[in-house]
Amino acid sequence: MLMGPMLKRSMHRRPERGLLAAVMLLALVGTLSTPANAASDFANPGFRYQWDTVEATVPNFWGPLPNATNGLTEPYTDSPGGQRLVQYFDKARMELAGPNSVTNGLLTVELKSGRMQRGNNDFEQRIPATIGIAGDLGQPGPTYADLAKLPERVSPTPGVALTTVFTNGQFTQSSVMPTDPALALTQYVTDPGGRFGQYVPQAFADYLSRLPLPATAVMGYPISPAFGAQLRVGGVSRTVFIQAFERRVLTYTPGNPPGYTVEFGNIGQHYYQWRYQTPTPPPFPPAPPPPPTILPMPAPHPVVPLTPTPPPPLVAPAGNFDPAFGNAVGTFIGRNSGALPLGNATATAFTSTISFEPFENGYMFYLPSANRIYVLGRTGTTLTSYPNTYTGGSGSTVALGPRPGTYLPVFGFGKVYAENGGVRAALGLAVAPERGYSGLIQGFDRGILVDDPDDNLVFALNGIANTWDSAPR
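For the structure given in this document, a descriptive report is provided here. Keep in mind it's a predicted model, so treat the numbers as computed, not measured. (Residues numbered from 1 in each chain as written. Predicted model: local features only at pLDDT ≥ 70, side-chain atom pairs only at ≥ 80, totals over all residues. Heavy atoms only, no water.)

Turning our attention to the pattern of salt bridges. Under the criterion given, the structure shown has 18 salt bridges. The salt bridge involving E152 is made with K112; its shortest N-O contact spans 2.8 Å. Separated by 40 residues along the polypeptide, E152 in the loop between strand 6 (122-125) and strand 7 (164-167) and K112 in helix 3 (residues 107-113) bring together distant segments of the chain. Owing to a relative accessible area of 9%, K112 belongs among the buried residues under this scheme. The residue D445 makes a salt bridge to R247 at a minimum N-O spacing of 3.0 Å. In this pair, D445 sits in the loop between strand 21 (435-443) and strand 22 (447-452) while R247 sits in the loop between strand 12 (236-244) and strand 13 (249-252), placing the two residues 198 residues apart along the sequence. When its relative accessible area of 3% is taken as the criterion, D445 is described as buried. Taking relative accessible area as the criterion, R247 reaches 4% and is therefore assigned buried. (Salt bridge = Lys/Arg side-chain N within 4 Å of Asp/Glu carboxyl O. Helix = DSSP H or I, 4+ residues; strand = E, 2+ residues; numbered from the N terminus. Buried < 20%, exposed > 50% of the residue type's maximum accessible area, 1.4 Å probe, protein only.)

Written out as structure tokens, the structure is:
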């Protein structure tokens, strides 16, 4: 299923709890000091706004400003002048992707694959990062390069349990079934393009649901199964559960004090170290051990921007879209389409065989890359999707409808149509037989762009808002 909208609640923690946490942390790590070469300010007002939007309700989501680098310019072929402004924080990198767009980068994907992105379709192949994901430095724990040993997509299976463990440099399946309710695998999350598909433990699902921004914007989609590892944390051996997302890595440590169980790894520092091994970079401030990420108390608390007037929206309508979609995206923006924003591209566009059928009140698409059937209803421009479970033979490709000029869908379309009364009521009858064609597809944080050259249209499918739109290509 597609990841649904994240809760928009804002929370605050009680001051006395934060003070107690600080005292506990100082007892563990000693007195904290501010690095002499710490960043003095945010490199861009958009960075400040994004940092404050989340940090105000989820402390240490990005990491403190004193631990950040100053602003840097990095090569990016699709930015004006071939350069873009970035700033590294403990937990992420912020990138100025456009005048109204701040992105965070697919850092985990790059560290895992070694493919350092230098433009929308420009990559430099390096050695994958052999940097430990979590725990104390220098121990033989899982690295980002080890993530390549795990599948990016697993099949939805009823009753599945978290049994993957990392031991002796390898991932294996344990016969021990976890009894901790926080490790229950009850939510299956896949991206709209169907490349990734993973179960998310309840602890992570609960945490993500409380973020004040859409999780896909700051986390991306999960790209590995959750797994357990025995790691030294502060010199003490602990069982830690880890799951990699496109932009970050989440950890869950049972036995930590309440509110300290779910944390982020320092992927901003790790990526900076990997990217700038050669040549020597400007110094990254030596960060003191950061306080754990705190699960906020669920009490309403408005987020107050640092400036009276917030900057324009931080997420582009469709960031890094393929030029083939440019005319349609411009139309979507001009009409303030409800299918936007799609967020930022999760992959480059690719050509695929697509099945399509028009109905009296909408359309059906089948995208083999996701193995899903998308139902587009004209009333309210509603979007739903279903897994393609058709396993029958070829049969007849045309089935006439009850009225002249109408048809009944067949194969996978026919199965979804027959099994779902809501689909039949929304679409009516088909007005042409199903046809297949070769078209361009590109996946984004929140949905997909699909090209239909035969009808000279581009369809925007927003799987988060469950709506769609079309415009001339």
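Next comes the rest of the write-up.
Turning our eyes to something else, we now look at the packing of aromatic side chains. Counted according to the given criterion, the structure contains 23 aromatic pairs. Between Y207 and F264 the ring centres are 5.7 Å apart and the planes differ by 75°, which places this aromatic pair in the edge-to-face class. Within this pair, whereas Y207 is found in helix 4 (residues 202-209), its partner F264 is found in strand 14 (residues 262-264), the two being separated by 57 residues in sequence. Across the pair, F264 and Y207 agree in class, each one buried. Relative to F459, the ring of Y363 has its centre 5.4 Å away and its plane inclined at 75°; by these criteria the two rings are edge-to-face. Of this pair, Y363 sits in strand 18 (residues 362-367) while F459 sits in strand 23 (residues 457-462), and the two are 96 residues apart along the sequence. F459 matches Y363 in its accessibility class, with the two residues each being buried. (Phe/Tyr/Trp six-rings, centres within 6.5 Å; stacked < 30°, edge-to-face > 60°.)

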